Amino acid sequence: MKEEIKGLAGFLVAGLGASVALLAWAPLARVNVEGGFDGRHQDLSVLYVDLPLVAAGGALVALAFWSLALRRFHRPWLAALVSVTAIALGIWGLTSWWAPYQAPEFAY
């Protein structure tokens, strides 16, 4: 496989990682963006802090595993398999570990 095609495939894997990470993150952050009951607990910091970090993390994890597997095994299909597995494990970790702060609905 030519070097240009390997680079393009790495770029596509990074785009896939970023987009899948954002799609998995968005339902979790919806409560903070909409604000919960009557919009009283709206926290838009998830848009300018968490959104770029999740997108960059998804892209960098996928690209790092792509490049390491390609350098180690010299087979693009195996590098793609390793990258997709890393993306899946990263998404699982993101959705099981990260939860946005939610203020209590009713404070007495």
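The following refers to the structure shown. These figures come from a predicted structure and were not determined experimentally. (Residues numbered from 1 in each chain as written. Predicted model: local features only at pLDDT ≥ 70, side-chain atom pairs only at ≥ 80, totals over all residues. Heavy atoms only, no water.)

## Some thoughts on the overall build of the protein chain
- The secondary structure content of the protein chain amounts to three helices and zero strands.
- Taken over 108 residues, the protein chain has a buried fraction of 28%.
- If you take every contact in the protein chain between residues at least 6 apart in sequence, the share linking residues at least 24 apart comes to 68%. (Helix = DSSP H or I, 4+ residues; strand = E, 2+ residues; numbered from the N terminus. Buried < 20%, exposed > 50% of the residue type's maximum accessible area, 1.4 Å probe, protein only. Contact = heavy atoms within 4.5 Å.)

## What about a nonpolar patch on the surface?
- A cluster of nonpolar side chains, Leu44, Leu47, Tyr48, Val49, Leu51 and Leu53, forms an exposed patch at the surface whose accessible area comes to about 560 Å².
- Here Tyr48 lies in helix α2 (residues 45-73). (Patch = residues over 30% accessible without salt bridge, like charges linked within 9 Å, V, L, I, M, F, W, Y side chains within 5 Å. Areas by Shrake-Rupley, 256 points an atom, 1.4 Å probe, with all protein chains shown as cover. Salt bridge = Lys/Arg side-chain N within 4 Å of Asp/Glu carboxyl O.)

## Things to note about the packing of helix α1 (residues 3-34) against α2
- The geometry of α1 relative to α2 is characterised by a closest axis approach of 7 Å and an angle of 150 degrees between their N-to-C directions. In terms of axis orientation, α1 runs roughly antiparallel to α2. For the pair α1 and α2, the crossing hand works out as right-handed. (Axes fitted to C-alpha atoms, helices over the stretch in contact; angles between N-to-C directions. Parallel < 35°, antiparallel > 145°, perpendicular 65-115°, else oblique. Left-handed = near helix turned anticlockwise from the far one by under 90°.)

## Observations concerning the pattern of salt bridges
- On inspection of all chains with the given rule, the structure shows one salt bridge.
- The partner of Glu3 in a salt bridge is Lys6, with the nearest N and O atoms 3.7 Å apart. Remark: Lys6 and Glu3 occur in helix α1; sequence separation between them is three residues, near one turn of the helix.

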